[in-house]
Amino acid sequence: MKIATIGLGYIGLPTAVMFAKHGQEVIGFDTNKEVIARLQSGFIHIEEPGLQEAFQGVLASGLLRPVSQLEPADTFIIAVPTPHTEDHSCDTRYIRQAVKDVIPLLITGNTIILESTVAPKTTTGVIQPMLEEAGFTIGVDVHLVHCPERVLPGQIMAELVRNNRIIGGVTPACASAGEAVYQTFVEGEMLLTDASTAELSKLMENTFRDTNIALANELVKLSTELGINALKVIEMANKHPRVNIHTPGPGVGGHCLAVDPYFITTAAPEQTPLIQTARKINSSMPEYIAESVETITNKAAKKVVILGAAYKGNVDDIRESPALKIAEHLQQRGIEVHVYDPHVAYYNMNPETAFANADMAIIATEHDEFKHLPMSLLTSMATMQIFDTKNIFEGVHEELTYITLGTLHRYTNCQQFQS
Ligand code: SAJ
């Protein structure tokens, strides 16, 4: 089987590598010529554990070819970005462009698979009409499938193989064609359904997580008000066999949880008050953290170092990152802010300068590097104070003031039930 992947980003590249690793001939196409040049020279352009080694292997074997000109193939897999527009609805421009690029190469028997996350009804409402207009009958001449990517950044190589796959065919024949493609390497269950069900299932997975995190973040706010440690509450409540409150934090970032729920709410605004409220709560967290910095320091902080720019630990992706929003809110309050992130080239500057004379260090991203911090950096601060919004720091000691989202109430005029 010859497979063409369109888009070589966080999903397209590992997917292309995985098919090649399992013996398929793969061409990886991207419109970004710099990305193609870098890949052709043997180096990946994103951080993902295990990907560089696997990529080198399939490049050397010739099974994966990064190309800047799309070629005919048996199967076309579209994994391009789906940003949200100003009004938060799903922007399908890159998908439509990919379909336009594929149409001249299509022949009878080909399969087109959309992996990008999209608003409900995009496969049948946007892609299917484009293919039909080009003269193809779906399910007869060509197969059209939505097979949403569901892998967790940081664990993509393992999850691609292990996870179940939702295979949403526009017709049952399309779903079977999609199943045949992923059977080449997926060990998880193949869940065959229709395209619209697949679209909404994917969106609801991320919405479930976003809503659950919002509950945890709301718990932080109410516990701080009541003088109770929210982290301990979660620990206790989660001992119940059917409870799993997620982890609170400085907000929700990345290009999935912070975006996908809007694809549902803009499609059905009247019916989605809960999802909309969850988004509002999570979006409010960076400002809440900035306000908390003022509360803790009694508005005396002049300089703050934010540890982490990436949206979550041990990745280099800064899309929708709460850390950068905290920085903006602090700057608006007249505080000098330094952001330090060893995983993100732009923010990987000299940590000595960032820490020197700082009144507080905020751990905003759970990178392994931040579990322990060199004593020399801490002693160079004006006040040795860490506000750990991720609850990961392991180097707590007497001279250090250490604050988490569970102990914020000690700095507020809360209703002091307990400490
Ligand atoms: N976060 C919390 N508390 C938590 C869990 C996460 O505040 O308990 C925050 C993280 O810090 C981060 C954001 O949420 O800012 C998102 O991180 P994540 O690890 O939950 O998820 P993503 O965005 O990296 O990947 C998600 C995954 N979806 C689910 O777990 C349902 C992944 O499987 C999807 O493939 C991916 O979205 C996607 O591409 O849609």
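The structure this text deals with has already been given above.
Residues numbered from 1 in each chain as written. Predicted model: local features only at pLDDT ≥ 70, side-chain atom pairs only at ≥ 80, totals over all residues. Heavy atoms only, no water.

A.B. asks: Tell me about helix α5 (residues 122–133), and please be specific about residues and values.
C.D. replies: The end-to-end C-alpha separation of α5 is 16 Å, in line with the 16 Å expected for 12 residues at 1.5 Å each. Considering only its buried residues, α5 is in contact with α4 (93–102), β5 (111–114), β6 (143–146) and α8 (195–226). Positive phi shows up at G135, right after α5, with a value of about 100°. (Helix = DSSP H or I, 4+ residues; strand = E, 2+ residues; numbered from the N terminus. Expected span 1.5 Å × (residues − 1). Contact = heavy atoms within 4.5 Å.)

A.B. asks: Can you tell me about the sheet that holds strand β8 (residues 190–194), naming the residues and giving the values?
C.D. replies: Sheet architecture is open: eight strands sit in the order β3-β2-β1-β4-β5-β6-β7-β8, paired in mixed fashion. Each end of this open sheet is capped by a strand with a single partner; those strands are β3 (64–67) and β8. For this sheet the average axis-to-axis angle between neighbouring strands, irrespective of direction, equals 25°. In terms of strand pairing, strand β7 (residues 165–169) meets β8 through five bridges, oriented parallel. Counterpart to R165 in the pairing with β8 is M190. Its contacts with the sheet put helix α2 (residues 33–40) on β2 (25–29) and β3, and the angle it makes with β3 is roughly 145°. Set on the sheet, helix α7 (residues 172–182) makes contact with β1 (2–6), β4 (75–78), β5, β6, β7 and β8; between it and β7 the angle comes to about 145°. (Pairing = 2+ DSSP bridges. Axes fitted to C-alpha atoms, helices over the stretch in contact; angles between N-to-C directions.)

A.B. asks: Which residues make up the sheet that holds strand β10 (residues 336–340), and what are the values?
C.D. replies: Strand order in the open sheet formed by five strands is β10-β9-β11-β12-β13, and the pairing between neighbours is parallel. Each of the sheet's edge strands pairs with one partner strand only, and the pair in question is β10 and β13 (401–404). Across this sheet, the average inter-strand angle for adjacent strands is 20°, counted without regard to direction. Taken together, the four bridges between strand β12 (residues 385–388) and β13 define a ladder with parallel strand orientation. Within β13, the position partnered with D388 by the bridge is T404.

A.B. asks: Quick rundown of the packing of aromatic side chains? Include the residues and the values.
C.D. replies: By the definition in use, this model includes five aromatic pairs. Taking 4.8 Å as the distance between ring centres and 80° as the angle between the ring planes, the aromatic pair formed by F19 and F185 counts as edge-to-face. Of this pair, F19 sits in helix α1 (residues 12–21) while F185 sits in the loop between α7 and β8, and the two are 166 residues apart along the sequence. Note on accessibility: F19 and F185 belong to one class, buried. Ring plane angle 55° and centroid distance 6.3 Å describe the contact between Y340 and F370, whose orientation is recorded as tilted. Taken together, the positions of Y340 in strand β10 and F370 in the loop between β11 (360–363) and α14 (375–379) put the pair 30 residues apart, joining distant regions of the chain. Three or more aromatic residues link up through ring pairs in this structure, and these residues are F19, Y182 and F185. (Phe/Tyr/Trp six-rings, centres within 6.5 Å; stacked < 30°, edge-to-face > 60°. Buried < 20%, exposed > 50% of the residue type's maximum accessible area, 1.4 Å probe, protein only.)

A.B. asks: Please give an account of the site of the ligand that cites residues and values.
C.D. replies: Near the ligand lie 21 residues; those nearest to it are E149, K202, R209, T247 and Y311. Within the side chain of Y311, a nitrogen or oxygen atom sits 2.5 Å from an oxygen atom of the ligand. Between the ligand and K312 there is a distance of 2.9 Å, counted from an oxygen atom to a side-chain nitrogen or oxygen. Here the ligand has 760 Å² of accessible area as a free molecule, and 89% of this is covered by the chains. Residue classes in the shell around the ligand are distributed as eight nonpolar, five polar and eight charged. (Near = heavy atom within 4 Å. Polar contact = N/O pair within 3.5 Å; in protein donor to acceptor, adjacent residues only side chain to side chain. Areas by Shrake-Rupley, 256 points an atom, 1.4 Å probe, with all protein chains shown as cover. Nonpolar A, V, L, I, M, F, W, Y, C, P; charged D, E, K, R; others polar.)

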